[in-house]
Amino acid sequence: MKIVVLVKQVPDSGVERTLRVDDNTVDRGSAGNVINEMDEYAIEEALRLREAHGGEVTLLTMGPEKAAESIRKALSMGPDGAVHVLDDALPGSCAPATSKVLAAALTTLEPDLVLCGSESTDGRVQVIPHMLAERLGIAALTGARKLTVDADAVTIERQTEEGYEVIRAATPAIVSVWDTINEPRYPSFKGIKAAKKKPVRTLSLADLGIAADEVGTAGATSEVVSHSRRPPRSGGAKITDEGDGGVRLVEFLATEKFV
Amino acid sequence: MDFTFDEEQREFRAVLRSFVDREIVPVAREWEQEGRYPTQIVAGLKRLGLFGITVPEEYGGLDLGPVPFALVFEELARGWMGIAGILGSHSLSCRMIAQHGTAEQKQRYLPALATGERRTGIGLTEPDAGTDLQGIRTTARRDGDHYIVTGTKMWITNARHADPLPCLVKTDPHATPAHRGMSVLLVDAGTPGFTVTKDIPKLGYKGTESCEVVLDDARVPVENLLGGAEGRGMQQVLSALEWGRVNIAARSVGIAQRAYDEALAYSRQRMAFNRPISDFQAVQLKLASVATTLQAARLMAYWAADAVARGRADAETGMAKIFCSEVALEAAIEAMKVHGGYGYSTEYEVERLYRDAILMSIGEGTNDVLRTVVAKSLVRGQARVG
């Protein structure tokens, strides 16, 4: 089975992140850059499928030169190789443009299954799997908390607020996963050493037959026009117990829909 | 002058830090107090491939140099020094087998040792011989295609899990000098006459067992003589000791780092007179002193590791082991003072750091005997300072 995992390098969500002042795009220079956390679960699931069914796992990343660090870190978990779409015209690409590029790259890779995280911690638009499915003419099974593959089909348990739904589709298909699906492995030391020797193929827009003005800020279908800092937290509600503290606490929790 | 780790070393460290913070730090205090064996942590060490750090790649190991080797022990000891103990003597033993074993011995043991499927330790110390290894009393008498081994080994880390346990013995008790009659025998678990007789109760260094082992007419096949020739045991064992000192120096740095981290965090959150105690100079002086000596110890440990990578480094590793172990103890004591009464409580981490730090100046050659090693090296002109 040929599995491709979409991997995105994002600013570390553990430290303060900002947008750039000049064009309101994500500032990738200010915070440390890491693998999008949810993607690690997708990689782990792909590795488990490979262990169970054989085949190969390829990572696909679209991102700046720096994303190569995250690709190598992700490779140290065990995938076989990676494809890095790298082009000066790409920064500032909107979701439709990103999906156009990834779909073109996926067409060259011919996977049986595409896995990705349910969202990235920077953009959080959650639309890429659907857009890719539309462009490639395959099914999108999103929000998986469990995934099984047999003969020519993939089945997931789709996590919902109330419980889960079982969804099944023919392969090839794209599946996005939540962090409830597994516990990603630590890269082994051997994996770290081996990652350096694994093939990472770089593709440009020209390789994919996409013009520069179809992507990036030039080809963006949407634009962030302004941004401002989140206001500092207010002090919150203080309840002084005057014999009715418990009741008032419960009322507060109920009003805020905590209970 | 380059004080930075290379990219691979930084990646190793990042994985180790994440592993230690998530799998060891949250459980260390409770498991240590319960006297629980850290089975799950050992399983994690296996998955990371850490049992193979000193095994050559051709046998499935990682063949790490002394610098990344030190990194492993610094990070593990930051979480729980006892865990570093589980890997420490295993790694030294693997290295000794890899360096001195026959082709058949390496093939027989190293692949399974690299994965942690088999584990090992080293049997050197005896009830009446530690520093003076030539004074050991365990003997091995040849009987056909076996050695008949008799003696007692003490303070044997991993004894209940080791298979094989390499033991230093006298194959010729009358040889002069004595080391010419000393050999290492790879004693397989389950060898008739080989018994782990007790776990030695101890102040710290918990999580891993330290045992008394009795060899009572134990029958060890001749093919288990390390390297296949008698009389080389002392040299084989000594070759492991430089790495051993780097190991202890690095563990000491890990303990000191944790003591500093705990002291700094506590001083920021503990309030007195309406201010965090980190505002007070008396506390600041302690934090600054610990940070300074800790950083000096770290530089010295990695300097010594680097020296081992370049060649013979008796003096450098001795100096690093002495200095780092003393810094670890001082850091633990200062961290306890910063914690005030809570530092003395078993509900906080620092009392364990204190109990574990003390061993660092005793194990792997006491600091006093190492001072004589360093001095000899200086006086003979083998090592220079300045």
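The rules behind the values
Residues numbered from 1 in each chain as written. Chains lettered and ligands numbered in written order. Predicted model: local features only at pLDDT ≥ 70, side-chain atom pairs only at ≥ 80, totals over all residues. Heavy atoms only, no water. Domains from an automatic or database assignment. Contact = heavy atoms within 4.5 Å. Buried area = accessible area lost by both parts, 1.4 Å probe. Salt bridge = Lys/Arg side-chain N within 4 Å of Asp/Glu carboxyl O. Core = buried A, V, L, I, M, F, W, Y, C linked by side-chain atoms within 4.5 Å. Buried < 20%, exposed > 50% of the residue type's maximum accessible area, 1.4 Å probe, protein only. Helix = DSSP H or I, 4+ residues; strand = E, 2+ residues; numbered from the N terminus. Polar contact = N/O pair within 3.5 Å; in protein donor to acceptor, adjacent residues only side chain to side chain. Nonpolar A, V, L, I, M, F, W, Y, C, P; charged D, E, K, R; others polar. Pairing = 2+ DSSP bridges. Axes fitted to C-alpha atoms, helices over the stretch in contact; angles between N-to-C directions. Phe/Tyr/Trp six-rings, centres within 6.5 Å; stacked < 30°, edge-to-face > 60°. Lys NZ or Arg CZ within 6 Å of the ring centre and 35° of its normal.

S.K.: Give me the lowdown on the domain arrangement of chain B, citing residues and values where you can.
M.R.: Residue and element names in this part refer to chain B. Taken domain by domain, chain B consists of domain 1 (7-115), domain 2 (133-229) and domain 3 (235-379). Each of domain 2 and domain 3 has a C-alpha centre, and these two points are 32 Å apart. On the domain 3 side, the residues contacting the nine residues of domain 2 number seven residues. Taken over both partners, the interface formed by domain 2 and domain 3 buries close to 670 Å², and the fraction arising from carbon and sulfur atoms is 65%. Counting every contact that joins domain 2 to domain 3 gives zero salt bridges.

S.K.: Pulling in residues and values, what's your account of the nonpolar core?
M.R.: Grouped together as the largest cluster of nonpolar side chains are 98 residues, with contacts concentrated most on B:Ile24, B:Ile41, B:Leu50, B:Ile53, B:Val72, B:Leu76 and B:Leu168. Per-element accounting of this core gives the leading share, 14 residues, to helix α7 (residues 233-269) of chain B. Ignoring sequence-local partners within four residues, the contact set of B:Ile41 consists of B:Phe19, B:Glu23, B:Ile24, B:Val27, B:Trp31, B:Trp80 and B:Ile83. By size, the runner-up hydrophobic cluster in this structure holds 32 residues, among which are A:Ile3, A:Ala46, A:Val57 and A:Leu75.

S.K.: Residue-level account of the interface of chain A and chain B, with values.
M.R.: Contacts between the two partners involve 11 residues from chain A, matched on the other side by 20 residues from chain B. The largest share of the area that chain A buries against chain B comes from A:Tyr186, A:Phe189 and A:Lys193, three residues that together contribute 54% of it. At the surface where chain A touches chain B, the tally comes to five salt bridges. Notably, a salt bridge pairs B:Glu11 with A:Arg72, separated by 3.7 Å at the nearest N-O pair. Counting across the chain A and chain B interface gives nine residue pairs in polar contact (both at pLDDT 80 or more). Elements with a contribution of two residues or more to the side of chain A that touches chain B: α2 (67-75) and α5 (189-195) of chain A. Among the elements that line the side of chain A that touches chain B, the one with the most residues is α5(A), at four residues. Residue classes in the side of chain A that touches chain B are distributed as four nonpolar, one polar and six charged.

S.K.: Run through the sheet that holds strand β6 (residues 113-117) of chain A, naming residues and quoting values.
M.R.: Residue and element names in this part refer to chain A. Read from one edge of the open sheet, nine strands run β9-β8-β7-β10-β6-β1-β4-β5-β11, paired in mixed fashion. Only two strands of the sheet have a single partner each, and these edge strands are β9 (164-170) and β11 (200-203). Between one strand and the next, the sheet's axes are offset by a mean angle of 35°, whatever the strand orientation. Helix α1 (residues 37-53) rests against β1 (2-6), β4 (56-62), β6, β7 (139-150) and β10 (173-177) of the sheet, and its axis sits at about 150° to β6.

S.K.: Describe the pairing of β6(A), and please don't skip the residues or the numbers.
M.R.: Residues and elements named next belong to chain A. By the criterion of burial, β6 is predominantly enclosed, with five of the five residues buried. Side chains Leu113, Leu115 and Gly117 of β6 all project onto a buried face; the interleaved residues Val114 and Cys116 project onto the opposite face, where all are buried too. Where β1 lies against β6, three bridges are found, and the strand directions are parallel. Each bridged residue has a counterpart across the sheet, and for Val4 the counterpart in β6 is Val114. With five bridges joining them, β6 and β10 adopt parallel strand pairing. Across the sheet, residue Cys116 finds its bridge partner in β10, namely Ser176.

S.K.: So what's going on with the pattern of salt bridges? Residues and values would help.
M.R.: Applying the stated rule across the entire model yields 41 salt bridges over all chains. Of the charged contacts in the structure, one is a salt bridge between A:Arg185 and A:Glu44, with a shortest N-O distance of 2.8 Å. Note that A:Arg185 is positioned in the loop between β10 and α5 and A:Glu44 in helix α1, a separation of 141 residues in sequence. By relative accessible area, A:Arg185 is classed as partly exposed at 28%. A salt bridge links B:Glu104 to B:Arg108, with the shortest nitrogen-to-oxygen separation between them at 2.8 Å. Residue B:Glu104 and its partner B:Arg108 are both found in helix α6 (residues 103-115); the two are separated by four residues, about one turn of the helix.

S.K.: Run through the environment of B:Val220, naming residues and quoting values.
M.R.: All names here are of chain B. Relative to the assigned elements, Val220 resides in strand β6 (residues 210-221). On the basis of relative accessibility, which here comes to 1%, the residue Val220 falls in the buried class. Residues contacting Val220, with those up to four places away along its chain left out, are His146, Tyr147, Val149, Leu185, Leu186, Val187 and Thr191.

S.K.: I'd love a proper account of the environment of A:Gln126, names of residues and values included.
M.R.: Residue and element names in this part refer to chain A. Residue placement: Gln126 occurs in the loop between β6 and α4 (128-136). Owing to a relative accessible area of 37%, Gln126 belongs among the partly exposed residues under this scheme. Other than its neighbours up to four places away in sequence, Gln126 contacts Ser118, Glu119 and Trp178. At 2.7 Å, the side chain of Gln126 and the side chain of Glu119 are in polar contact.

S.K.: Give a description of the side chain of B:Arg298 that names residues and reports values.
M.R.: All names here are of chain B. Examined against the element boundaries, Arg298 turns out to sit in helix α8 (residues 281-310). A polar contact of 2.9 Å, which involves the side chain of Arg298, links it to the side chain of Glu74. Residues contacting Arg298, with those up to four places away along its chain left out, are Glu74, Val253 and Gln257.

S.K.: Explain unusual backbone geometry to me, using residue names and the numbers behind them.
M.R.: In this structure, B:Pro164 follows B:Asp163 across a cis peptide bond, with omega equal to 15°. Inspection of the secondary structure puts B:Pro164 in the loop between β2 (146-157) and β3 (165-170). B:Pro177 follows B:Thr176 through a cis peptide bond whose omega is -10°. With respect to the helices, strands and loops of the structure, B:Pro177 is situated in the loop between β3 and β4 (182-187). With a phi close to 65°, A:Lys257 is a non-glycine residue in the positive phi region. Examined against the element boundaries, A:Lys257 turns out to sit in the segment after α7 (245-255).

S.K.: Lay out the packing of aromatic side chains in plain terms, naming residues and giving numbers.
M.R.: How two aromatic rings sit relative to each other is given by the distance of their centres and the angle of their planes. Residues and elements named next belong to chain B. Per the counting criterion, the structure on display carries eight aromatic pairs over all chains. Ring centres of Phe69 and Trp243 lie 5.0 Å apart, and the angle between their planes is 70°; on these two criteria the pair is classed as edge-to-face. With Phe69 in helix α4 (residues 66-79) and Trp243 in helix α7, the pair connects residues that are 174 residues apart, well separated along the chain. With a relative accessible area of 0%, Phe69 lands in the buried category. Measuring from ring centre to ring centre gives 6.2 Å for Phe273 and Phe280, while their planes differ by 90°; the resulting arrangement is edge-to-face. You can call Phe273 exposed: its relative accessible area is 72%. When its relative accessible area of 22% is taken as the criterion, Phe280 is described as partly exposed. Directly above the aromatic system of Trp31 lies the positively charged group of Arg36, at a separation of 3.9 Å from the ring centroid.

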